[in-house]
Amino acid sequence: MKKTWWKEAVIYQIYPRSFMDSNKDGIGDLMGITGKLDYLKYLGIDVIWLSPVYKSPNDDNGYDISDYQAIMDEFGTMEDFDVLLDEAHKRGIRIVMDLVVNHTSDEHKWFMESRSSRDNACRDYYIWREGKDEKTPPNNWGSCFGGSAWQYDENTDMFYLHLFSKKQPDLNWNNPAVRKNIFDMMTWWCDKGIDGFRMDVISMISKTAEMPDGKVTDFYGDYGPYCVNGPNVHSYLQEMNEKVLSKYDIMTVGETPGVTTELAKQYAGEDTKELNMVFQFELVDTLGKYGKWTDEKLPLTDLKKIMTRWQTELHGEAWNSLFWDNHDQPRAVSRFGDDSQEYREVSAKMLATCLHMMQGTPYIYQGEELGMTNFPFKEPEDFRDIESINAYSEWCKSGKVSHEKFWPCLLFRSRDNARTPMQWDDTPQAGFTTATPWISVNPNYKEINAKEETSNPDSVFHYYKKLIALRKQNPVIVYGKYELLLADSEELYVYTRELEDEKLLVVCNFSAHETSFHAPDEFIGGQCMIANMENDYSKGCISLKPYEAFVLTKKD
Ligand code: TEU
Ligand code: CA
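Fair warning: this is a prediction, and the values are worked out from it, not measured in the lab.

## What about the packing of helix 13 (residues 386–397) against helix 14 (residues 403–413)?
At step 1: Direction vectors running N to C along helix 13 and helix 14 enclose 160°, while the axes themselves pass 10 Å from each other. The angle between helix 13 and helix 14 places the two elements in the roughly antiparallel class. The chirality of how helix 13 crosses helix 14 is right-handed. From helix 13, Ser388, Ala391, Tyr392, Trp395 and Cys396 reach across to helix 14, where they touch His403, Phe406, Trp407 and Leu410.
At step 2: Of the residues belonging to the contact of helix 13 with helix 14, the class tally is 7 nonpolar, 2 polar and no charged.

And the structure:
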């Protein structure tokens, strides 16, 4: 296995709108981020992944881009960006940009041209088709945000494809001019000195030319053969690699809905010359009661099966990215741990142990290092996210499901849970802003905030700091081989990591009850590398408290 800096790095995702507001308008911005770089340096992370900061009408919070080479007005200016990049580099922190090129905003100049007439030079930059008639789209594909994936455009009497909102028309990657424009734009950013790209829904850029009807389901993953992992996706990525990526010392991570371990070996194989790693969604995009909407937790045995398959099948062949949450997911501790007063801290630390001891590059989503929780939404008007708002009207307002049944599912899975402001201190609005924030601050900010946690050595923050430091000191955590123990346990997640003569045992109690564990002989008398509580780990039989987690080294 080749050793590289991005395999050894820990990445921190920033959702700029909600990170830090520097100019008191209630919206996070670039200067806000620059002002918090020392906090990130202290945490010990190596790379920032910046969610989109480009010019955008914000139909989908910046994932609808109207100019790839300009900064969103609300976030500041290109000079502010240059300062951020420079200040980050001075601290040894790299910056990875979000690259959203499956679609643009409908306000991008290419689309405005494209829709203006059937023979415009940019017509073929997007995917236009005749409908069956004015009201009937070309096929039955659904948009990820609900409704048809086709929008009728009166002006030229044709439909355009949008796998996301109708303000996010899909680019036509089959057109060489589109690819050239995108590669030039990427080169421009690389020449500026950025350190990589996280590529939005990159598994969806290639669509079959025929565009047949798909199976009707509530989930876009099922359109797999037609627009997820489509026919030319690998050749487009190889071309991108050859023309742009291979010329710079940068890292790339593909957001790849519908990816399997087999496909990951192609997208992110050691020698396939496409991407460095991919995000897989088997753990977080599970189907629930109503499409993705559910209030049920994933059973631990399922979680272990998925993780273990990725850990073992990619070993030596491709590289994993490790994450519990991001800006599209509920908060990790609320979803996979226990966000009650009693267990929030300990279960947040347990989850961190479980993930950060695995093979792959760990991603921390802003606030996860504080154990931030889901938000207690009270009414539909509290939501800002287009997906949550559309889902509520599609499932509830339509009368398909009662409010009583749907509401807990929306609360459990809404993307807005992750998008409430970062909790910096215990002053009003959690120190995020002095104005009214664009989305409410979680009322628990007085207890859960960075100021409190950075000064408390037992905090979730300090636990993450320690995990990050351990990864830097112990190559076995980065490169070791993973093996699962106790596959059938519904309470314990236990695995080992092994590299040459180093071996680690990782034990995590995912349950709210006490249980016991017999350590394999080779670990009895080993050192405790990290633990989320005080216990005697030198014995063969260890009794575990709820959500207890520890890591032992092999006895010498
Ligand atoms: O997300 C794509 C994606 O797969 C999401 O639809 C995700 O699985 C879903 O939101 C979970 O409910 C990317 C971005 O991360 C997301 O914020 C954007 O809305 C989307 O692409 C369109 O650009
Ligand atoms: Ca601001």
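## Points about the packing of helix 6 (residues 176–192) against helix 8 (residues 233–243)
At step 1: Where helix 6 meets helix 8, the closest approach of the two axes is 10 Å, and the angle between their N-to-C directions is 40°. Relative to helix 8, the element helix 6 is oriented oblique. Taken as a pair, helix 6 and helix 8 cross one another with a handedness that is right-handed. Every residue of helix 8 that contacts helix 6 at Arg179, Phe183 and Met186 is listed here: Tyr236, Glu239, Met240 and Lys243.
At step 2: Partitioning the contact of helix 6 with helix 8 into residue classes produces 4 nonpolar, no polar and 3 charged.

## Section: the confidence of the model for the protein
As a note on interpretation, predicted positions should not be read in detail where pLDDT is low.
At step 1: Per-residue confidence for the protein gives a mean pLDDT of 96, with 98% of residues at or over 70.
At step 2: Within the protein, strand 1 (residues 11–14) carries the highest mean pLDDT (99), whereas helix 7 (residues 224–227) carries the lowest (71).

## Side note on the state of the cysteines
At step 1: Taken as a whole and judged by the stated rule, the model has 0 disulfides.
At step 2: Here Cys354 stays free of any disulfide, with the sulfur of Cys508 as its closest cysteine sulfur at 4.4 Å.

## Structural notes on unusual backbone geometry
At step 1: In this structure, Asn61 takes a positive phi of about 45° despite not being glycine.
At step 2: As for its position among the elements, Asn61 is in the loop between strand 3 (54–55) and strand 4 (67–71).
At step 3: Not every positive phi belongs to a glycine, and Met211 is a case in point at roughly 55°.
At step 4: Within the secondary structure, Met211 is located in the loop between strand 9 (196–199) and helix 7.

## A look at the site of ligand 1
At step 1: Neighbouring residues of ligand 1: 19 residues in total, closest Asp60, Asp200, Asp285, Lys292 and Asp328.
At step 2: A distance of 2.8 Å separates an oxygen atom of ligand 1 from a polar atom in the side chain of Asp200.
At step 3: A distance of 2.3 Å separates an oxygen atom of ligand 1 from a polar atom in the side chain of Lys292.
At step 4: Protein contact buries 99% of the 500 Å² of open area that ligand 1 shows by itself.

Reading guide: rules and limits
Residues numbered from 1 in each chain as written. Chains lettered and ligands numbered in written order. Predicted model: local features only at pLDDT ≥ 70, side-chain atom pairs only at ≥ 80, totals over all residues. Heavy atoms only, no water. Axes fitted to C-alpha atoms, helices over the stretch in contact; angles between N-to-C directions. Helix = DSSP H or I, 4+ residues; strand = E, 2+ residues; numbered from the N terminus. Parallel < 35°, antiparallel > 145°, perpendicular 65-115°, else oblique. Left-handed = near helix turned anticlockwise from the far one by under 90°. Contact = heavy atoms within 4.5 Å. Nonpolar A, V, L, I, M, F, W, Y, C, P; charged D, E, K, R; others polar. pLDDT = per-residue confidence, 0-100. Disulfide = S-S within 2.5 Å. Near = heavy atom within 4 Å. Polar contact = N/O pair within 3.5 Å; in protein donor to acceptor, adjacent residues only side chain to side chain. Areas by Shrake-Rupley, 256 points an atom, 1.4 Å probe, with all protein chains shown as cover.

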